[in-house]
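# Structure assessment
One-letter residues, chain by chain:
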Amino acid sequence: MGKIDKNKIEAAIGLLLEGIGEDKNRPGLKETPARIARMYEEIFAGVCENSESHLEKTFIVENNEMIVEKDIVFYSVCEHHLLPFFGKAHVAYIPDGKVVGLSKLARTVETFCRRPQLQEQLTHQIATAIMRHLAPRGVMVVIEAEHLCMTMRGIKKPGSQTITTVIKGAFADDERLQNTFWRMVKM
Ligand code: ZN
């Protein structure tokens, strides 16, 4: 696992400012490299964390009905442009005797978000982590997000949403389960 090096980040932001033709010593920019280094420590904290740690403590249950955690608001950073993408994640699973505390699904989403990411990869990582730790009958993860690399530059389509889906186990085999998920999520 990596380690945050604030000195490197500061030096890099200084170079970046020079690279775009700015005077990095003018009053408005003087503190910017140090400020960004502190900010990156927070928004990229997931690089140095075990994102699956929140799923390690599980509970035994007898009731194996579908569990849906919807509208998990998240912010992440696209690994191709280092610009934010943000939106909502919806996570569902059908337990097979094992569950986690409700807040842990949102925590898991959050730690996977705090690293340079791709929405497809993020969706996949969340679903795979749940499969690995809970061995449920099925998992469904849907993420809807706006990408600033699409909306503030390039094709400029403000508000356009990218939707990614990963469907595993019982959800993949049973359309009724998928429909129940969509009804509960009401996207
Ligand atoms: Zn991008």
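Heads up: the structure comes first, above all this text.
What follows concerns the overall build of the protein chain. Counting secondary structure elements, the protein chain contains eight helices and seven strands. Reported as C-alpha extents along the three principal axes, the dimensions of the protein chain are approximately 65 × 35 × 20 Å. Classification of the 187 residues of the protein chain by burial places 39% in the buried group. Accessible area for the protein chain stands at about 10600 Å²; split by element, carbon and sulfur atoms hold 53% of it. Where the 25 positive side-chain charges of the protein chain centre and where its 24 negative ones centre are 2 Å apart.

Look at helix α3 (residues 32-43): 16 Å from first C-alpha to last across 12 residues, which is about the 16 Å you get at 1.5 Å a residue. By the burial criterion, the buried members of α3 are Thr32, Pro33, Ala34, Ile36, Ala37 and Tyr40. Buried residues in α3 make contact with α1 (6-19) and α2 (27-30).

Note on helix geometry: an α-helix contains 3.6 residues per turn, so any two residues three or four positions apart are oriented the same way. Helix length check: α1, at 14 residues, gives a terminal C-alpha distance of 20 Å against a target of 20 Å (1.5 Å per residue), a fit within 8%. Of the residues that open α1, the one with a side-chain oxygen 3.1 Å from the backbone nitrogen of asparagine 7 is aspartate 5. The first or second residue beyond α1 is glycine 21, which carries a positive phi of 90°.

So, on to the coordination of the zinc ion. Bound to the zinc ion on the protein side are Cys78 (SG), His81 (ND1) and Cys149 (SG), at distances that span 2.1 to 2.2 Å. The motif formed by the donor residues of the zinc ion, counted along the single chain, is C-x2-H-x67-C. We classify cysteine 78 as buried; its relative accessible area is 5%. Assessed through its relative accessible area of 37%, histidine 81 is described here as partly exposed.

Let us now look at the pairing of strand β2 (residues 67-78). Where β2 meets strand β3 (residues 84-94), nine bridges bridge the pair, whose relative direction is antiparallel. The residue of β3 that forms the bridge with serine 76 is phenylalanine 85. The hairpin turn running from β2 into β3, its antiparallel successor, is five residues long, and leucine 82 in that turn takes a positive phi close to 50°. Relative to strand β5 (residues 116-117), β2 is paired through two bridges, and the arrangement is parallel. Counted as the bridge partner of cysteine 78 is glutamine 117 from β5.

Let us now look at the packing of α1 against α3. Here α1 crosses α3 at 130°, and the two axes come no closer than 8 Å. With respect to α3, the element α1 is oriented oblique. Crossing of α1 against α3: the hand is right-handed. Across the interface between the two elements, Lys6, Ile9, Glu10, Ile13, Gly14 and Leu17 from α1 touch Pro33, Ala34, Ile36, Ala37, Arg38, Tyr40 and Glu41 from α3. Among the residues forming the contact of α1 with α3, the class breakdown is eight nonpolar, one polar and four charged.

If you trace the five strands from one edge of the open sheet to the other, you get β5-β2-β3-β6-β7, paired in mixed fashion. Of all the strands in the sheet, the pair left with one neighbour each is β5 and β7 (162-169). Across the sheet, helix α4 (residues 103-113) is in contact with β2, β3 and β5; its angle to β2 comes to roughly 15°.

Thresholds, definitions, all that
- Residues numbered from 1 in each chain as written.
- Predicted model: local features only at pLDDT ≥ 70, side-chain atom pairs only at ≥ 80, totals over all residues.
- Heavy atoms only, no water.
- Helix = DSSP H or I, 4+ residues; strand = E, 2+ residues; numbered from the N terminus.
- Buried < 20%, exposed > 50% of the residue type's maximum accessible area, 1.4 Å probe, protein only.
- Areas by Shrake-Rupley, 256 points an atom, 1.4 Å probe, with all protein chains shown as cover.
- Lys, Arg positive; Asp, Glu negative; His and termini not counted.
- Charge placed at Lys NZ, Arg CZ, Asp CG, Glu CD.
- Expected span 1.5 Å × (residues − 1).
- Contact = heavy atoms within 4.5 Å.
- Polar contact = N/O pair within 3.5 Å; in protein donor to acceptor, adjacent residues only side chain to side chain.
- Donors = N, O, S within 2.8 Å, 3.2 Å for Na, K, Ca; no water.
- Pairing = 2+ DSSP bridges.
- Axes fitted to C-alpha atoms, helices over the stretch in contact; angles between N-to-C directions.
- Parallel < 35°, antiparallel > 145°, perpendicular 65-115°, else oblique.
- Left-handed = near helix turned anticlockwise from the far one by under 90°.
- Nonpolar A, V, L, I, M, F, W, Y, C, P; charged D, E, K, R; others polar.

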